Amino acid sequence: MIDETVEEIEEMQTHSSSVVAVNATRALEELLDREFATVEEFHRDLERNSKTLRRANHSHASLQNALREVERTVLNSEDSSVDDAKGRLKQVIERVVDDVETGKGRAAEHAVSYLDDGMTILTHDYSSTVLEAIERAVQNGTYLDVYVTEGRPRYLGRRTARTLAEMDRVETTLVTDAASGHVMSDVDRVVTGMTCIAEDTLYNRVGTFPIAATADQVGVPMTVVGSGAKIIEEGFVFENEYRSGSEVMREPTEGFGIENPSYDATPVDLLTDVVTDEGRQDL
């Protein structure tokens, strides 16, 4: 389960950082079924596997925070038996997962007030929190037109479009990332998720910065939604990821290179609102 989760994270099969954090934390449940001679041996295995999961994606603050909390809670304990240490691991996994899911749910609930009936919104890539907010809104009777950008790399925006297409009261249109400027004049609000916010910068799926700059130029408000745990005050250095160039161009290249970054950096002063589980945040 741990190896499969590492591969899933590295291959970006699940983009939503909240889902990544939950899956990675849950993967450590595999250790509960292993045999250990001593508490020290159990701790070493936990530390090794947690670090392996964290290395799978250095950019997701929620992933890093969740696994570090598991490490701190278990490794700093003074459990006298392996069974006690396993019990502590099980408890902290449940607590951390609940914190992530509760924070995401509350953020989505607060974001519903930004989705008015008949509004046209644009969302980028894939965010489980944004999807939950839209689902809550339409369950309350709201009708929405939604433009969804494809979201390179890995085209995870297509997954968003398929999910929205199954919702009643949502009219969904998929566009290329480069077409966001073309449709922006029809948009009432841009609503995206976030990987994290650190030092007055929003880090999110590549393509977010040009969307934010375009929205700012046209005068369209932009709201970013996510758990407050993704807003980092200090102690976190964002590390971008660079995907294989074959995701951009399969043919052999001659005389030029290909750069395929996963994330970009957007100044928060381009944003109108940041909504978390605590409500609207002032940055």
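Every value quoted in this text rests on a predicted model; they were computed, and no experiment measured them.

About the thresholds
Residues numbered from 1 in each chain as written. Predicted model: local features only at pLDDT ≥ 70, side-chain atom pairs only at ≥ 80, totals over all residues. Heavy atoms only, no water. Pairing = 2+ DSSP bridges. Helix = DSSP H or I, 4+ residues; strand = E, 2+ residues; numbered from the N terminus. Core = buried A, V, L, I, M, F, W, Y, C linked by side-chain atoms within 4.5 Å. Buried < 20%, exposed > 50% of the residue type's maximum accessible area, 1.4 Å probe, protein only. Contact = heavy atoms within 4.5 Å. Axes fitted to C-alpha atoms, helices over the stretch in contact; angles between N-to-C directions. Phe/Tyr/Trp six-rings, centres within 6.5 Å; stacked < 30°, edge-to-face > 60°. Salt bridge = Lys/Arg side-chain N within 4 Å of Asp/Glu carboxyl O.

> I'd like a rundown of the sheet that holds strand β5 (residues 196-198), residues and numbers included.
Spatial ordering of the open sheet is given by β8-β5-β6-β9, a layout of four strands whose pairing is mixed. The sheet is open, and its two edges are formed by β8 (231-232) and β9 (263-267), each paired on a single side. Bridging between strand β6 (residues 201-205) and β9 involves five bridges; their strand directions are antiparallel. Bridge pairing links L202 to T266 in β9.

> Help me get a handle on the nonpolar core, residues and values and all.
Formed by 29 residues in total, the largest nonpolar core has its most connected members in L28, L53 and L89. Sort the elements by how many residues they give to this core and helix α5 (residues 82-111) lands first, with eight residues. Once residues lying within four places of it in the same chain are set aside, the contact partners of L28 are I2, L46, N49, S50, L53, L67, V70, L89 and I93. In terms of nonpolar packing, the next biggest core, distinct from the first, is built from 26 residues, A108, I134, L144 and V191 among them.

> Give a detailed account of the pairing of strand β7 (residues 222-225), specifying residues and quantitative values.
Alternating residues of β7 divide into M222 and V224 and T223 and V225, and every residue in both groups is buried. Relative to β7, strand β4 (residues 189-192) is paired through three bridges, and the arrangement is parallel. By the bridge assignment for β7, V190 is matched with M222. Sheet analysis places β7 next to strand β10 (residues 273-276), joined by three bridges and oriented parallel. What sits directly across from V225, in β10, is V275.

> Tell me about the sheet that holds strand β1 (residues 119-124), and please be specific about residues and values.
What the seven strands build is an open sheet, ordered β3-β2-β1-β4-β7-β10-β11; its pairing is mixed. The two strands at the open ends of the sheet, each matched to only one other strand, are β3 (170-175) and β11 (279-281). Shown here is a sheet whose adjacent strand axes are inclined to one another by a mean of 30°, direction ignored. Along the sheet, α5 contacts β7, β10 and β11; its crossing angle with β10, the most-contacted strand, is approximately 135°.

> Account for the packing of aromatic side chains, naming residues and giving values.
All chains considered together, the criterion is met by three aromatic pairs. Centre to centre, the rings of Y203 and F238 are 4.1 Å apart; their planes meet at 10°, and the pair counts as stacked. Linking Y203 in strand β6 with F238 in the loop between β8 and β9, this pair joins segments that are 35 residues apart in sequence. Of the two residues, Y203 and F238, neither departs from the other in class, the shared state being buried. Residues F238 and Y263 carry aromatic rings whose centres are separated by 5.6 Å and whose planes lie at 90° to one another, so their mutual orientation is edge-to-face.

> Go over the pattern of salt bridges, please, and point to the residues and values.
Considering all chains together, one arrives at 16 salt bridges under this definition. Across the pair R26 and E94 runs a salt bridge whose closest N-O atoms are separated by 2.6 Å. Residue R26 is located in helix α2 (residues 17-27), and its partner E94 is located in helix α5; the two are separated by 68 residues in the primary sequence. Among the salt bridges present, the one from R95 reaches E69, with a minimum N-O distance of 3.0 Å. Here R95 is found in helix α5, whereas its partner E69 is found in helix α4 (residues 61-75), with 26 residues between them in sequence. By relative accessible area, which is 35% here, R95 ends up partly exposed. Judged by its relative accessible area of 22%, E69 falls in the partly exposed class. Taken together, the shared-partner salt bridges connect E30, R34, D45 and R48 into one network.

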